[in-house]
Every structure is written in C-alpha cells, then in structure tokens.
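The lines below spell out each chain.
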Amino acid sequence: MKLFIKNMVCNRCKMVVKSELEKLGLSILSVDLGEVEVSGKLPDKQIQKVVEVLNSVGFALIENKKSRSIEKIQTIIISLIYQQNN
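Bear in mind the structure is a predicted one, so any value in this text is a computation, not a measurement.

Visitor: Pulling in residues and values, what's your account of the environment of L21?
Guide: With respect to the helices and strands, L21 occurs in helix 1 (residues 11-23). Taking the C-alpha atoms as reference, L21 lies 12 Å from S39; in sequence the two are 18 residues apart. Non-local contacts of L21, meaning those with residues more than four positions away in its chain, are made with L3, L26, I28, V36 and V50.

Visitor: Run through the environment of C10, naming residues and quoting values.
Guide: Structurally, C10 can be placed in the loop between strand 1 (2-6) and helix 1. Placed 46 residues apart in sequence, C10 and S56 show a C-alpha to C-alpha distance of 18 Å.

Visitor: Can you tell me about helix 2 (residues 44-56), naming the residues and giving the values?
Guide: For helix 2, which comprises 13 residues, the first-to-last C-alpha distance of 18 Å matches the rise-based estimate of 18 Å (1.5 Å per residue) to within 8%. Here helix 2 has its buried residues at Q46, I47, V50, V51, V53 and L54. Of the surrounding secondary structure, the elements contacted by the buried residues of helix 2 are strand 1, helix 1 and strand 4 (60-62). At the C-terminal side of helix 2, G58 shows a positive phi close to 90 degrees.

Visitor: Could you give an account of the sheet that holds strand 2 (residues 28-32), naming the residues involved and the relevant values?
Guide: In space, the four strands of this open sheet follow the order 2-3-1-4, with antiparallel pairing throughout. Looking at the sheet topology across the chains shown, the edges are occupied by strand 2 and strand 4. Here the average twist between neighbouring strands, direction ignored, is 30 degrees. Examined bridge by bridge, strand 1 and strand 4 share three bridges and lie antiparallel to one another. Each residue of the ladder has a partner; that of K6, found in strand 4, is A60. This element, helix 1, spans strand 1, strand 2 and strand 3 (35-38) of the sheet and lies at about 155 degrees to strand 2. Strands strand 1 and strand 4 of the sheet are contacted by helix 2, whose axis makes an angle of about 130 degrees with strand 4.

Visitor: Give a description of helix 1 that names residues and reports values.
Guide: Along an α-helix, residues three or four apart share an orientation, since each turn contains 3.6 residues. Counted at 1.5 Å a residue, the expected span for helix 1 with its 13 residues is 18 Å, and the 19 Å between its end C-alpha atoms agrees. All of the buried residues along helix 1 are C13, V17, E20 and L21. For helix 1, the angular spread of the buried residues around the axis is 95 degrees, confining them to a single face. With respect to the buried face of helix 1, the exposed residues turned more than 90 degrees away are N11, R12, M15 and K23. Lining the buried residues of helix 1 we find strand 1, strand 2, strand 3 and helix 2. One or two residues past the end of helix 1 sits G25, with phi positive at roughly 90 degrees.

Criteria and thresholds
- Residues numbered from 1 in each chain as written.
- Predicted model: local features only at pLDDT ≥ 70, side-chain atom pairs only at ≥ 80, totals over all residues.
- Heavy atoms only, no water.
- Helix = DSSP H or I, 4+ residues; strand = E, 2+ residues; numbered from the N terminus.
- Contact = heavy atoms within 4.5 Å.
- Expected span 1.5 Å × (residues − 1).
- Buried < 20%, exposed > 50% of the residue type's maximum accessible area, 1.4 Å probe, protein only.
- Pairing = 2+ DSSP bridges.
- Axes fitted to C-alpha atoms, helices over the stretch in contact; angles between N-to-C directions.
- Arc of directions from axis to C-beta.

What follows is the structure in structure tokens.
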C-alpha cells in the first residue's frame, strides 16, 4: 500500500518518516520524497495512528488525488533546486 505524505522535502524527512512508521510496527518497503510503500493494506485504525504520528512530526497524510498531484509537483521542484545547489 502506498501512503502519500505532505511536507517531505529532504533525506532527513525520509529518515524521520521511516523511523516513526517503523515504531508503529509497519513493514516499510520503500521511502521516497512524498511517498512511502508499506506491505499489505492498513486497517482504518492503523491509518488513524499513522495520521497522528505524521502530524506530531510535521507531516500529513494526503488522501485525495488532486492534493497528491500538487505535492508531487512540489517535490519535483524541490529536488531540482536541491540538485542545482549541489
């Protein structure tokens, strides 16, 4: 299952999100800016815990397609800027 996450802008963000989700007992398959893939489908109760944990560390779960598209565009722009600076 893919989770789409708002406000992930750097490698540190990826580390924090991965760490927090692993604390919830989730099996993380991959972590990219704005996206995390976990094994299996999460029940609603588990998704609510994910929302709470993400909010507590400054991130948010994106649940609608339009917001996902906007976040992907922002992530691409941030990546391009970061690559130019390096």
